[in-house]
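The chain contents come next:
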Amino acid sequence: MTAAPACVDNLVETIRAALEPHGLFLRGSVNFTPGETAPLLDGGEPAASVVLIGNIGGSIWRSFSRWRAVEPDCGGADPLDEWSKQVILPVAEAAGATAYFPSDPPWQPFQQWAMRAEGLKASPLGILIHPRYGLWHGYRGALGFDRALPQTSSVTADHPCGDCIGKPCISACPVDALGTGLFDVGRCRTHLKAEAGAAGCLLDGCLSRDACPIGRDFRYPREQLRFHMVALGL
Ligand code: B12
Ligand code: SF4
Ligand code: SF4
């Protein structure tokens, strides 16, 4: 890996400090090798690195809820995406970086980046599982740079799903949406629209996600669970 100069370390610390008041954390970085597929910077050239930005448990919910209370008409179809942009874009500009967002087309390979940045692997739900935070984390954006970055993550633990006896996430789904080894989104959405799903998963969150024993302390608050489930059920 290319060594990063001290000024780059300062840059990373400045970005970290700007994001933390919003409950956003640096979730590791990826340095691309020459010739490897990399996202394009605003100037059109391929990025040399990206640093991932995300939530850990319900870390963003307080800041997002405050913003929403002040800006109730802001955000359109996806207010969390809009909030993420309002927080991350000024940080990107100050750092001379290009910002990428997970829901913006063309979809950038956020999960592939996260697997490299933090050594995470996929759970049966399709979500990456973290050895400490379990399934209770996500990505709100990434910053692309024209130079290499120091590694900002230190996850080294084994993949929790490998040793998981009985894999309760799979059996917890009332409509067996994980039974084939691939998440059956049609089956899940049909359930969310039915009476049983509207009174269950839609209100209190995905039962499969909830059945996982890893990272229970980081479970999202009820309002956040509902927010994500309503978005998934649309
Ligand atoms: C499209 C999409 C979906 C589709 C899945 C379609 C599909 N089969 O891929 C649907 C709508 C079903 C979905 C659902 C959810 N998603 Co989603 N989704 C995405 C999105 C926007 C694009 C995925 C993609 O194609 N990327 C492009 C390719 C090139 O990137 P990639 O890294 O190589 O993609 C990987 C994924 O496609 C993954 N994959 C393949 N099949 C599935 C199926 C599911 C359900 C998931 C989550 C991933 C997944 O495998 C690829 C290999 O690495 C990503 C954001 C992003 N930009 O990646 C979020 C993302 C993957 N989703 C995420 C989440 C959290 C969810 C939900 C939990 C949200 C919710 N409302 O509860 C649910 C999961 C349902 C469950 N069982 O709990 C997170 C995952 C975070 C993590 N910890 O890993 C992401 C990264 C968004 C974010 N902001 O963090 N999602
Ligand atoms: S219940 Fe077990 S298999 Fe399922 S996500 Fe959690 S650790 Fe992985
Ligand atoms: S939200 Fe409910 S129906 Fe959908 S995968 Fe989770 S447990 Fe199954």
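Here the structure is a predicted model, which is why all the values come from computation and not from measurement.

A. Quick peek at the environment of tyrosine 139. Here tyrosine 139 lies in strand E6 (residues 137-145). Considered as a pair, tyrosine 139 and phenylalanine 25 are 114 residues apart in the sequence and their alpha carbons are 9.3 Å apart. In this structure, tyrosine 139 is in contact with Arg27, Leu52, Ile53, Gly54, Asn55, Pro102, Phe110, Ala114, Glu118, Leu120 and Leu128, ignoring residues within four places of it in sequence.

B. Layout of the site of ligand 2. Close to ligand 2 lie Ser123, Pro124, Ile129, Cys161, Cys164, Lys167, Pro168, Cys169, Cys212, Pro213 and Ile214. Looking at the shell around ligand 2 residue by residue, the classes come out as 9 nonpolar, 1 polar and 1 charged. When residues of the shell around ligand 2 are assigned to domains, at least three fall in each of domain 1 (6-157) and domain 2 (161-233).

C. Spotlight on the packing of aromatic side chains. Taken as a whole and assessed by the stated rule, the structure comprises 10 aromatic pairs. Look at phenylalanine 110 and tryptophan 113: their rings are 5.2 Å apart centre to centre, the planes differ by 50°, and that puts the pair in the tilted class. Separated by 3 residues within a single helix, phenylalanine 110 and tryptophan 113 lie in helix H4 (residues 110-118), roughly one turn from each other. Through a chain of ring-to-ring contacts, the aromatic side chains of Trp61, Phe64, Trp67, Trp83 and Phe227 assemble into a single cluster.

D. The sheet that holds strand E2 (residues 49-56), seen in detail. Read across the open sheet, the 4 strands follow the order E1-E2-E6-E3; overall the sheet is antiparallel. Each of the sheet's edge strands pairs with one partner strand only, and the pair in question is strand E1 (25-31) and strand E3 (98-100). Going across the sheet, the axis of each strand differs from the next one's by a mean of 25°, ignoring polarity. Relative to the sheet, helix H3 (residues 79-95) contacts E2, E3 and E6, its axis offset from that of E6 by approximately 30°.

E. View of the layout of surface pockets. Put simply, the largest pocket is a space of about 1,700 Å³. Those elements that provide at least two residues to the lining of the largest pocket are H3, H4, E6, helix H6 (185-193), helix H9 (207-211) and helix H10 (222-233). In terms of residues, the lining of the largest pocket owes the most to one element, H10, which gives 7 residues. Residues belonging to the lining of the largest pocket are distributed by class as follows: 29 nonpolar, 11 polar and 6 charged. The residues that make up the lining of the largest pocket include at least three from each of domain 1 (6-157) and domain 2 (161-233).

F. Looking closely at the domain arrangement of the protein. Domains assigned within the protein are domain 1 (6-157) and domain 2 (161-233). One C-alpha centre belongs to domain 1, the other to domain 2, and the line joining them spans 24 Å. Between domain 1 and domain 2, the residue contacts involve 26 residues of the former and 21 residues of the latter. Note on domain 1 versus domain 2: buried area summed over both sides is about 1,900 Å², and carbon and sulfur give 75% of it.

G. Representation of H4 in the model. Listed as buried for H4 are Phe110, Trp113, Ala114, Ala117 and Glu118. Looking down the long axis of H4, one finds its buried residues gathered within 100° of arc, a one-sided arrangement. Residues of H4 that are buried in the fold lie against E1, E2, E3, strand E5 (128-129) and E6. Just downstream of H4, glycine 119 is the residue with a positive phi angle, here 65°.

H. Local environment of the side chain of threonine 98. As for its placement among the helices and strands, threonine 98 is situated in strand E3. Residue threonine 98 is classed as buried on the basis of its relative accessible area, which comes to 6%. A polar contact of 2.8 Å, which involves the side chain of threonine 98, links it to the backbone nitrogen of aspartate 42. When residues no more than four places from it in sequence are discounted, the contact partners of threonine 98 are Leu40, Leu41, Asp42, Ala142, Leu143 and Gly144.

Calculation notes
For every chain, the first residue of the written sequence is number 1, and numbering continues from 1 along that sequence. The order in which chains are written sets their letters, starting at A; the order in which ligands are written sets their numbers, starting at 1. Totals for whole chains, interfaces and linings use all residues, but because this is a predicted model, local features are given only for residues with pLDDT of at least 70 and pairs of side-chain atoms are given and counted only at 80 or more. Side-chain numbers come from the whole structure's heavy atoms, not from hydrogens or water. Think of it this way: any DSSP run of H or I at least four residues long counts as a helix, any run of E at least two long counts as a strand, and we number them from the N terminus. Working rule for contacts: check all heavy atoms of both residues, and any pair within 4.5 Å makes them a contact. We define proximity as follows: a residue is near a molecule or strand when any one of its heavy atoms falls within 4 Å of that partner. Polarity classes work like this: nonpolar for Ala, Val, Leu, Ile, Met, Phe, Trp, Tyr, Cys and Pro, charged for Asp, Glu, Lys and Arg, and polar for all others, with Gly in that last group. These domain limits were set by an automatic method or by a database of domain assignments. Note on aromatic contacts: the rings of Phe and Tyr and the six-membered ring of Trp form a pair at centre separations within 6.5 Å, being stacked when their planes are under 30 degrees apart, edge-to-face when over 60 apart, and tilted otherwise. Strands are labelled as partners when DSSP assigns at least two bridges between them. As a rule, the C-alpha atoms of each element are fitted with a line to give its axis, helices using only the stretch in contact, and angles between N-to-C directions run from 0 to 180 degrees. Here a cavity denotes grid points, spaced 1 Å and computed from the protein atoms alone, that fit a 1.4 Å probe unable to get out, and a pocket denotes an open set having protein on both sides within 12 Å along at least 5 of 7 lines; residues with an atom within 4 Å of a point are the lining. Grid points are joined across faces, edges and corners, and a volume is the space filled by probe spheres set on the points. By buried area we mean the combined loss of accessible area, with a 1.4 Å probe, across both parts when two parts are placed together. Each residue gets one of three labels from its accessible area relative to the maximum for its type: buried under 20%, exposed over 50%, partly exposed in between, using a 1.4 Å probe on protein chains only. The arc in question is traced by the directions running from the helix axis to the C-beta atoms. Polar contact is defined as a pair of N or O atoms within 3.5 Å, subject to the rule that within protein one atom must be able to donate a hydrogen and the other to accept it, and that residues adjacent in sequence are counted only when both atoms are side-chain atoms.

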